Amino acid sequence: MGVQALKAATPVGETGQTANGWESEITRQGELSFYNTAHPDESVNIAKIKDIGHGTGTGGYVPGKRYIKPAMQPVWKALDKRIEEELR
């Protein structure tokens, strides 16, 4: 659910590689992580700088689009509701 929400919310550039790079993992300790594996050749996390903004090599600035937190809010609410139901 989270991967699909992030994929749908990610601003799509020329290739859509960043949107398609979302993955999730549940550790043995029960921690849920979402991460983006797109653009492994870059020195920065492209998904993150699309969210928060970044400077350019020529002194400019590209503002962020703030998509990660809004995309995940309904996911967290749904998971919270499901956990609450399971505990009843």
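Above this text sits the structure in question.
Residues numbered from 1 in each chain as written. Predicted model: local features only at pLDDT ≥ 70, side-chain atom pairs only at ≥ 80, totals over all residues. Heavy atoms only, no water.

**Q** Help me understand helix α1 (residues 2–9) in this model?
**A** Count 3.6 residues to each turn of an α-helix, and residues three or four apart come out pointing the same way. Among all positions in α1, only Gly2, Val3 and Leu6 are buried. Down the axis of α1, the buried side of the element spans an arc of 100°, and every buried residue falls inside it. Exposed residues lying more than 90 degrees from the buried face of α1 are Gln4 and Ala8. Check the buried side of α1 and you find it contacts β1 (22–26), β2 (32–36) and α3 (68–87). (Buried < 20%, exposed > 50% of the residue type's maximum accessible area, 1.4 Å probe, protein only. Helix = DSSP H or I, 4+ residues; strand = E, 2+ residues; numbered from the N terminus. Arc of directions from axis to C-beta. Contact = heavy atoms within 4.5 Å.)

**Q** What is the right way to look at the pairing of β2 in this model?
**A** Both faces of the sheet carry side chains from a regular strand, because those side chains alternate between them. By the bridge criterion, 5 bridges tie β1 to β2 in an arrangement that is antiparallel. The partner of Glu23 across the bridge, within β2, is Tyr35. (Pairing = 2+ DSSP bridges.)

**Q** Explain the nonpolar core to me, please; I cannot follow it from the model alone.
**A** Buried together is how nonpolar side chains tend to be arranged in soluble globular proteins. Counting residues in each nonpolar core, the largest one holds 8 residues, listed as Val3, Leu6, Trp22, Ala47, Tyr67, Ala71, Met72 and Val75. No other element matches the 3 residues that α3 contributes to this core. Contact partners of Ala71, with chain neighbours within four places excluded, come to Ala5, Leu6 and Ala9. (Core = buried A, V, L, I, M, F, W, Y, C linked by side-chain atoms within 4.5 Å.)

**Q** Looking at this structure, how should I read the packing of aromatic side chains?
**A** To describe a pair of aromatic rings, one takes the distance between the centres and the angle between the planes. What the rule picks out here adds up to 1 aromatic pair. Ring geometry for Phe34 against Trp76: centres 6.0 Å apart, planes inclined by 70°, an arrangement best described as edge-to-face. With Phe34 in strand β2 and Trp76 in helix α3, this pair connects stretches of sequence that are 42 residues apart. For Phe34, a relative accessible area of 22% translates into the label partly exposed. For Trp76, a relative accessible area of 41% puts it in the partly exposed group. (Phe/Tyr/Trp six-rings, centres within 6.5 Å; stacked < 30°, edge-to-face > 60°.)

**Q** Sorry if this is basic, but what is going on with the pattern of salt bridges here?
**A** Close approach of charged atoms allows side chains with opposite charge to pair. Under the counting rule described, the total for this entry stands at 2 salt bridges. For Arg66, the salt bridge is made with Asp51, and the minimal N-O distance between the two is 3.7 Å. On the criterion of sequence distance, the pair formed by Arg66 in the loop between β4 (61–63) and α3 and Asp51 in helix α2 (residues 46–52) is long-range, its members being 15 residues apart. Relative accessible area serves as the criterion here: at 53%, Arg66 is assigned to the exposed category. Between Arg88 and Glu84 there is a salt bridge, and its shortest N-O distance comes to 3.0 Å. Judged by relative accessible area, which is 72%, Arg88 ranks as exposed. On the basis of relative accessibility, which here comes to 46%, the residue Glu84 falls in the partly exposed class. (Salt bridge = Lys/Arg side-chain N within 4 Å of Asp/Glu carboxyl O.)

**Q** Explanation requested: a nonpolar patch on the surface in the structure shown.
**A** On the surface, a nonpolar cluster with roughly 320 Å² of combined accessible area is contributed by Ile26, Leu32 and Trp76. By the secondary structure assignment, Ile26 is in strand β1. For Ile26, a relative accessible area of 65% translates into the label exposed. (Patch = residues over 30% accessible without salt bridge, like charges linked within 9 Å, V, L, I, M, F, W, Y side chains within 5 Å. Areas by Shrake-Rupley, 256 points an atom, 1.4 Å probe, with all protein chains shown as cover.)

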